[in-house]
Amino acid sequence: MDRSCHLSLIIDLSPSQWHLSAQPTNPHPLSFQTFLSLVLTFLNSHIAAKHENTLAVFGALPGKSTMLYSSLDADSSNTNDPPADANSYRPFKFVNTIVTKNIQKELDLLEGLTEEPPVTLVGALTMALCYINRLAHPPPGSVATETTTEADARILILSVSPDLSASYIPVMNSIFSAQKLRVTIDVCKVYGEETVFLQQAAHLTGGSYIYLERRDAFLQYLTMSFLPPPSIRHMMAVPRQDKVDFRAACFCHKNIVDIGFVCSVCLSIFCSPVPVCSTCRTKFPMKTLQRLNASRPSIPPANGVSNGSPRPPSARPSQGMSASLR
Amino acid sequence: MPSATGKAEEQQERSLHALLPFLQTQSQTSLTRLYQRPSSCLPIFRLLGAVERQLVMNLLWLESSIPTATMSSWVTKEGKTHFDDALDLLTRLHILTNNVTTKLGLSPAFKSSMRQAITGGGTSVSFGVPAESDDKRHAPSIDALDAYALERWETILHYMVSSGTGQMPVKPSQGVLFLLQRNGLMAMNQGQLQITSSGFQFLLHTPHAQLWELLLQYLQMVEERQMDLVEVLSFLFMLSTMELGREYSTENLSDTQRAMLEDLRDYGLIWQRKASSRRFSPTRLATTLTSSLPPLPTATNTGGAQEQGFIVLETNYRLYAYTDNPLQTAVLNLFVSVRSRFPNLVVGAITRESVRKALLNGITADQIISYLTTYAHPQMRKNKPLLPVTVQDQIRLWELERNRIKAQEGFLYTAFASQADYEYVLNYARQLDVVLWENTAKRCFFGSVEGHANIRGFIERRTGGGG
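Because the structure is predicted, anything quoted here is derived from the model rather than measured.

Rules of the game
- Think of each chain on its own: its residues are numbered from 1, step by step along the sequence as written.
- Chain letters start at A and ligand numbers start at 1, both assigned in the order the entries are written.
- At least 70 in pLDDT is required for a residue's local features to be given in this predicted model, at least 80 for side-chain atom pairs to be given and counted, and no such filter applies to totals for whole chains, interfaces and linings, which use all residues.
- Each side-chain value is worked out from all heavy atoms of the structure, with water and hydrogens disregarded.
- pLDDT measures the predictor's confidence residue by residue and takes values from 0 up to 100.
- Only heavy atoms enter the contact rule, under which two residues are in contact if any of them lie within 4.5 Å.
- Burial here depends on accessible area, computed with a 1.4 Å probe over protein chains only, as a share of the maximum for the residue type. Under 20% is buried, over 50% is exposed, and the range in between is partly exposed.
- Helix and strand definitions here come from DSSP, where helices need a minimum of 4 consecutive H or I residues and strands a minimum of 2 consecutive E residues; each element is numbered from the N-terminal end.
- When two rings of Phe, Tyr or Trp (its six-membered ring) have centres within 6.5 Å they constitute a pair, described as stacked for plane angles under 30 degrees, edge-to-face for angles over 60, and tilted for the intermediate range.
- For any pair of parts, buried area is found by adding up, for both, the accessible area (1.4 Å probe) each one loses once the two are put together.
- A carboxyl oxygen of Asp or Glu within 4 Å of a side-chain nitrogen of Lys or Arg is what we treat as a salt bridge.
- Strand pairing requires that DSSP identify at least two bridges connecting the strands.
- Angular values range over 0 to 180 degrees, each being the angle between N-to-C directions of two axes fitted as lines to C-alpha atoms, with helices fitted over their stretch in contact.
- By definition in this entry, angles of less than 35 degrees are roughly parallel, angles greater than 145 are roughly antiparallel, angles of 65 to 115 are roughly perpendicular, and the rest are oblique.
- In this scheme the crossing of two helices becomes right-handed for a clockwise turn of the near helix relative to the far one and left-handed for an anticlockwise turn of less than a right angle.
- Helix span, expected: 1.5 Å multiplied by one less than the number of residues in the helix.
- Think of a 1 Å grid over the protein atoms and nothing else: a 1.4 Å probe that fits but is trapped marks a cavity, an open set flanked by protein within 12 Å on at least five of seven lines marks a pocket, and residues with an atom within 4 Å of a point count as lining.
- Grid points are joined across faces, edges and corners, and a volume is the space filled by probe spheres set on the points.
- Amino acids are sorted into nonpolar (Ala, Val, Leu, Ile, Met, Phe, Trp, Tyr, Cys and Pro), charged (Asp, Glu, Lys and Arg) and polar (every other residue, Gly among them).
- Patch criteria: residues need more than 30% relative accessible area and no salt bridge. Like-charged residues are merged within 9 Å; nonpolar side chains of Val, Leu, Ile, Met, Phe, Trp and Tyr are merged within 5 Å.
- Here the accessible surface of atoms and residues is derived via Shrake-Rupley with a 1.4 Å probe, and residues count as covered only by protein chains that are part of the display.

Before going further, it helps to spend a moment on the confidence of the model for chain B. All names here are of chain B. In this model, chain B carries an average pLDDT of 81, and 90% of its residues clear a pLDDT of 70 or more. Every residue in residues 1-13 is under pLDDT 50, and counting partners more than four places away or in other chains gives 14 contacts. Long-range and interchain partners of residues 298-307, a stretch whose pLDDT sits below 50, account for 15 contacts in this model, where long-range means more than four residues apart.

Rendered as structure tokens:
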């Protein structure tokens, strides 16, 4: 029996990026309105697949993240009921109305803002993970139906904003939590540059990362790549990325680095050799620093195969910093 | 001997719903008529398996059909057979247009209705017209609907289980009785309706399977009653997309569908204030038709905290059932010898006699075990394996006891003229794999009935050719 599945959708709601995306100078301009109607169709397809499928929608807004829809609340919130209509299936209509209304409300709140802070994608991702965790571990005493506890959960991120290198550590932590919860993270880059961190998120959780090339075929991309639940992906192949950018951000300046220097004790990453690790306060011998500094330019940047595992400290009595190749 | 539950499990594995084979037997014209309503497409789509659903979705937004090779490049090697099966099923349901070997495309009727269902809009009015809210008479609460559905359904089951035991439970309506009889679940015996062996098996199924079994029989009788099958099906599907606890108007229904209201009221699928009422409410039985959620409200038997499971089975064959539900007690009575009954507890034991009685009624060991597994108490779920192995094995052994002799029809071949003749024919029979028993010393062997024509022909050819 195929099981029900849960989808947490994270929509990147950066007004400036969406403005850029709608510019007619783009090869395939995609306005937010069109985007939203296609996403709603996709959400309906997800609920259509099975009666028990659940859904949560999160918005990553500039400076805040918020929950736009959750099928757990759907039953109780009868106050803002859309009028009944014999021409449409009610759950679909319900999702569409609530999501559109909440997005409009959040965007209206942004009106007064003069400067746009970066979108808090990590906040939304964390909220989604917490939500899935709550589904997987219902509080004792509540009537836990088996369908919710067994459900396959996955997260789909529709991203338009560029990478925020400051959020490297939170993103990695979210990825590890997702791995632990066995949640697949899918990423669709709708507009803008490729993002390094989201590529890694999809790769490490077994999801698929797609850079949207033909934006006029957005719905078809969504349906074919992101609609199949993880359980049937071994039969219906979904595209995976063939190369993954594994670069990390350094802990000192939050820059994405090609060559990093890794503390041999706590594995913190730095963009240049430092005498004292800022995380664990380990002091490194002067000699090592000099050696590393001297060897820096000689390391060819293309030689990035090993992912920088430092020697264990016990192997060498004198602690030192090791150069990490990405 | 494949048991009924075994089949059901198999079907679930391939996730083939019981209704789909029935739909496959329908003509293309009636299916196309059915697909014209968005509210029918959506439930049918939900009854399909995961791969089929994905295929339909992949094709839904394409304007023209695409080469099959393009689609199959999305399928991994392991999924190939699944994919072919899916294509086959979808073609037989006429969801895909006919020539799947070269091109894939959804049939126009299905495509446009499914699109309408997903995006909303249109003027099909197929998802049920909600009744105007009435200030004087409020819509029934969900609890009231649940209680109603449960009462209706249990009346049917209880009538079945206690037929022939001398008790006189409440009789379901004539329509239901007729349906049970036609389905072979009950039969007339000395002027009285008696439960049959398939009826006993029916009792141990899950409510969802029971409901569909009855509805399928209902669908099969539709033609005899001069009703339009498409109308009936689309009404059932419409019910499954309706919302629990909401009242709908009967105004847009056709005459056939109005006639169905009465039948479905008897089964507990819908609730009406009175027979002439112009509004109706679907119950949980109806709204969960196309889902795998429990169709009947749980936790009604002992009130509150308990979930579905209520049976504790110990390694010493003792069974404690925390229930005060007469139906569940009666079902347990089929294969448990009950020792004592308390207000909320039934204590009994599984004995050789009680199991043999069940086996004589046509219930199989697998069905007993699967019933015990389904309704095991939450405390039991901590055990691994869930049921004590000794008890499971013993129930199976008791079943085997009854199957010591296996009868097989066939022919005995004797009086061969020579050993060579005998061996020559025997070899031929062995090649056909029809030899059931042989004795070289007596020069005779026993072949099954299927092989007889061949062997006889072979011998005749040989004797005819030789002499």
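Turning to helix α7 (residues 196-205) of chain A, a few remarks are in order. All names here are of chain A. With eight of ten residues buried, α7 lies mostly within the body of the structure. V196, F197, L198, Q199, Q200, A201, A202 and T205 are the residues of α7 that are buried. G206, located one to two residues past α7, shows a positive phi value of around 75°.

On inspection of all chains with the given rule, the structure shows 22 aromatic pairs over all chains. Measuring from ring centre to ring centre gives 4.4 Å for A:W18 and A:F35, while their planes differ by 40°; the resulting arrangement is tilted. Note that A:W18 is positioned in helix α1 (residues 15-22) and A:F35 in helix α2 (residues 32-49), a separation of 17 residues in sequence. Classification of A:W18 by relative accessible area gives buried; the value is 6%. With relative accessibility at 0%, the residue A:F35 sits in the buried group. Seen from their ring centres, B:Y317 and B:W398 are 6.2 Å apart, and the 50° between their planes marks the pair as tilted. Here the residue B:Y317 occupies a position in the loop between β8 (311-313) and β9 (318-321), and B:W398 occupies one in helix α19 (residues 389-402), the gap between them amounting to 81 residues. An aromatic cluster of three or more residues is present, and its members are A:W18, A:F32, A:F35 and A:F218.

Our next topic: the interface of chain A and chain B. Each partner contributes residues to the interface: chain A has 35 residues there, and chain B has 46 residues. Note on chain A versus chain B: buried area summed over both sides is about 3600 Å², and carbon and sulfur give 60% of it. The largest per-residue losses of area from chain A upon contact with chain B belong to A:N87, A:M235 and A:M236, which jointly make up 18% of the total buried on that side. Here chain A is connected to chain B by one salt bridge.

This part covers the sheet that holds strand β7 (residues 279-282) of chain B. Residues and elements named next belong to chain B. Strand order across the open sheet formed by three strands is β5-β7-β6, with antiparallel pairing between neighbours. Of all the strands in the sheet, just β5 (248-249) and β6 (270-271) have a single pairing partner and so form its edges. Summarising the sheet, β6 and β7 pair through two bridges and their orientation is antiparallel. Following the sheet pairing, I270 is matched in β7 by P282.

All names here are of chain A. Interaxial distance between α2 and helix α8 (residues 218-226) falls to 9 Å at its minimum, and their mutual angle equals 30°. One finds that α2 runs roughly parallel with respect to α8. Crossing geometry of α2 relative to α8 is assigned as right-handed. The residues of α8 that touch α2, namely those facing F35, L38, V39, T41 and F42, are F218, L219, L222, T223 and F226.

All names here are of chain B. Its 13 residues give helix α7 (residues 80-92) an end-to-end C-alpha distance of 18 Å, which sits within 8% of 18 Å, the value for a rise of 1.5 Å per residue. All buried positions along α7 are accounted for by F83, A86, L87, L89, L90 and T91. As for α7, its buried residues are in contact with α2 (19-24), α5 (50-60), α6 (68-72) and β2 (103-104). Taken from the residues just after α7, H94 is the one with a positive phi, measuring 60°.

Now for the sheet that holds strand β4 (residues 152-159) of chain A. All names here are of chain A. Strand order across the open sheet formed by six strands is β3-β2-β1-β4-β5-β6, with mixed pairing between neighbours. The open sheet has two edge strands, β3 (64-70) and β6 (209-211), and neither has a second partner. For this sheet the average axis-to-axis angle between neighbouring strands, irrespective of direction, equals 15°. As judged from the six bridges shared by strand β2 (residues 54-61) and β3, these two strands associate in the antiparallel manner. Looking at the pairing, A56 lines up with S70 of β3. Across the face of the sheet, helix α3 (residues 90-109) comes into contact with β1 (5-12), β2 and β3 while running at roughly 160° to β3.

Here we come to the pairing of strand β10 (residues 337-342) of chain B. Residues and elements named next belong to chain B. Here five bridges tie β10 to strand β11 (residues 345-349), and the two strands are oriented antiparallel to one another. Bridge pairing links S337 to A349 in β11. Following β10, the chain reverses through two residues before pairing antiparallel with β11.

Right, let's get into the pairing of β2(A). All names here are of chain A. The element β2 is extensively covered by neighbouring structure, given that eight of its eight residues are classed as buried. Side chains of β2 alternate between two faces, with T54, A56, F58 and A60 and L55, V57, G59 and L61 buried alike. Here β1 runs beside β2; their pairing, made up of seven bridges, is parallel. Its bridge partner lying in β2, D12 is registered against A60. Between β2 and β3, which pair antiparallel and follow one another directly, the connecting turn spans two residues, one of which, G63, has a positive phi of 80°.

Here we come to the pattern of salt bridges. Per the counting criterion, the structure on display carries 23 salt bridges over all chains. Across the pair B:R396 and B:D366 runs a salt bridge whose closest N-O atoms are separated by 3.1 Å. Of the two residues, B:R396 sits in helix α19 while B:D366 sits in helix α18 (residues 365-374), which places them 30 residues apart along the sequence. When its relative accessible area of 32% is taken as the criterion, B:D366 is described as partly exposed. When salt bridges that share partners are traced, they join A:R90, B:E243 and B:R246 into one network.

Once that is clear, we can look at empty space enclosed by the protein. The tally for this structure, following the rule as stated, stands at five cavities of 30 Å³ or more. By volume, the largest cavity is sized at about 120 Å³. As for the largest cavity, its lining consists of 14 residues, of which A:A49, A:L227, A:P229, B:R53 and B:Q54 are closest to the centre. Mapped by element, the contributors of at least two residues to the lining of the largest cavity are α2 of chain A together with α5 of chain B. The leading source of residues in the lining of the largest cavity is α5(B), at four residues. In the lining of the largest cavity, the residues fall into eight nonpolar, three polar and three charged.

Below, the discussion takes up a nonpolar patch on the surface. A grouping of A:F176, A:L204 and A:F246 is seen on the molecular surface, where their side chains present a nonpolar patch of about 270 Å² in accessible area. On the secondary structure map, A:F246 appears in the loop between α8 and β7 (248-249).

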